[in-house]
Amino acid sequence: SHSPFSANSNLMEIDEEGNVVSHKLYHFGGVSPGVGNPSDATEMLDLTPLSKARAPGAPPLPMPKWKILPGKLYQRARQNYATPLPDGRIVIAGGNGGTLPGIESWSLHLQMFDPATGLITTMDKTHVPRDEHGIIQLFPDGRVYLGGQNRNGIVQPGDPEAPGGDSDLRSEERTPELHSRGLI
């Protein structure tokens, strides 16, 4: 089984006729089943057989099984985010539940997952911790946007960017770090 409260991303490849060639669902981190602790696992569910057209009356296909991949998150995290890039790699950001002290208990690291190898590379750090109720979005021009979330306990009252402690007003675009490192 996969870990709930994890970042997830679908990668689907479609041929020129619109037929599904490959369809995989990836999960990063989350809560370890039966334990409740944050996970650093990367898991994949191959949905390709279920995504292809079947003849009427054909017997049902068996449900695919989750596969644990070798890649591990830099830091255990739940409530993190992921978005696919045009080249098929996946950017992972945020999450909470790490064992480091203070603000570092949130994963500030941007990470890149490569489905071809199943491995994760740590990239730059974000400036703002992010977990639940936020968004990660790939824009058509290649910028990755991180915004919103529920972090009222982190930003102190009087912060000039969030005077009331409400941090949902902060956002980031991560183009320079990703482009300068040749990652997108």
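Scroll up to find the structure.
Presented here is a report on the structure given in the accompanying data block. (Residues numbered from 1 in each chain as written. Predicted model: local features only at pLDDT ≥ 70, side-chain atom pairs only at ≥ 80, totals over all residues. Heavy atoms only, no water.)

**Regarding the environment of Ser6**
With respect to the secondary-structure elements, Ser6 resides in the segment before strand S1 (7-14). Residue Ser6 is classed as buried on the basis of its relative accessible area, which comes to 10%. C-alpha separation for the pair Ser6 and Ala77, spaced 71 residues apart in sequence, amounts to 7.8 Å. Polar side-chain contacts of Ser6 include one of 2.6 Å to the side chain of His27. (Helix = DSSP H or I, 4+ residues; strand = E, 2+ residues; numbered from the N terminus. Buried < 20%, exposed > 50% of the residue type's maximum accessible area, 1.4 Å probe, protein only. Polar contact = N/O pair within 3.5 Å; in protein donor to acceptor, adjacent residues only side chain to side chain.)

**Overview of unusual backbone geometry**
Located in the positive-phi region is Gln79, a residue other than glycine, with phi close to 55°. Secondary-structure assignment places Gln79 in the loop between strand S4 (67-69) and strand S5 (81-84).

**A closer look at the layout of surface pockets**
Considered as a void within the structure, the largest pocket measures approximately 170 Å³ in volume. If you go around the largest pocket, the residues you meet are Leu11, Met12, Glu13, Ser22, Lys24, Tyr26 and Pro115. Taken together, the elements giving at least two residues each to the lining of the largest pocket come down to S1 and strand S2 (20-28). Here the residues of the lining of the largest pocket sort into four nonpolar, one polar and two charged. (1 Å grid on protein atoms, 1.4 Å probe; cavity = no way out; pocket = protein on both sides within 12 Å on 5 of 7 lines; lining within 4 Å. Points joined across faces, edges and corners; volume = space filled by probe spheres on them. Nonpolar A, V, L, I, M, F, W, Y, C, P; charged D, E, K, R; others polar.)

**As for the packing of aromatic side chains**
Working definition: an aromatic ring pair is given by the centre-to-centre distance plus the angle between the planes. Applying the stated criterion to the full structure yields three aromatic pairs. Ring geometry for Phe139 versus Tyr145: centroids 5.9 Å apart, planes at 40°, classification tilted. By way of ring pairs, the aromatic residues Tyr26, Phe28 and Phe113 are connected into one cluster. (Phe/Tyr/Trp six-rings, centres within 6.5 Å; stacked < 30°, edge-to-face > 60°.)

**So, the environment of Ser22**
You can see Ser22 is positioned in strand S2. Looking at Ser22, the relative accessible area reads 18%, which means it is buried. Note: C-alpha distance between Ser22 and Met12 (10 residues apart in sequence) is 5.5 Å. Once residues within four sequence positions are removed from consideration, Ser22 is found in contact with Leu11, Met12, Glu13 and Thr48. (Contact = heavy atoms within 4.5 Å.)

**Some remarks on the sheet that holds S4**
Read from one edge of the open sheet, four strands run S1-S2-S3-S4, paired in antiparallel fashion. With one partner strand each, in any of the chains shown, S1 and S4 form the two edges of the open sheet. Strand after strand, the sheet turns through a mean of 25° between neighbouring axes, direction not considered. (Pairing = 2+ DSSP bridges. Axes fitted to C-alpha atoms, helices over the stretch in contact; angles between N-to-C directions.)

**A few points about the side chain of Asn96**
You can see Asn96 is positioned in the loop between strand S6 (90-93) and strand S7 (109-114). Asn96 sits in the buried class, given a relative accessible area of 8%. A distance of 2.9 Å separates a polar atom in the side chain of Asn96 from a polar atom in the side chain of Arg78. A distance of 2.8 Å separates polar atoms of two side chains, one belonging to Asn96 and the other to Gln79.

**Quick notes on the pattern of salt bridges**
As enumerated under the stated definition, the model contains two salt bridges in all. Two residues, Asp87 and Arg89, come together in a salt bridge whose shortest N-O distance is 2.7 Å. For Asp87, a relative accessible area of 47% translates into the label partly exposed. Arg143 is the salt-bridge partner of Asp141, the closest N and O atoms lying 2.8 Å from each other. (Salt bridge = Lys/Arg side-chain N within 4 Å of Asp/Glu carboxyl O.)

In short, geometric facts, not functional conclusions.
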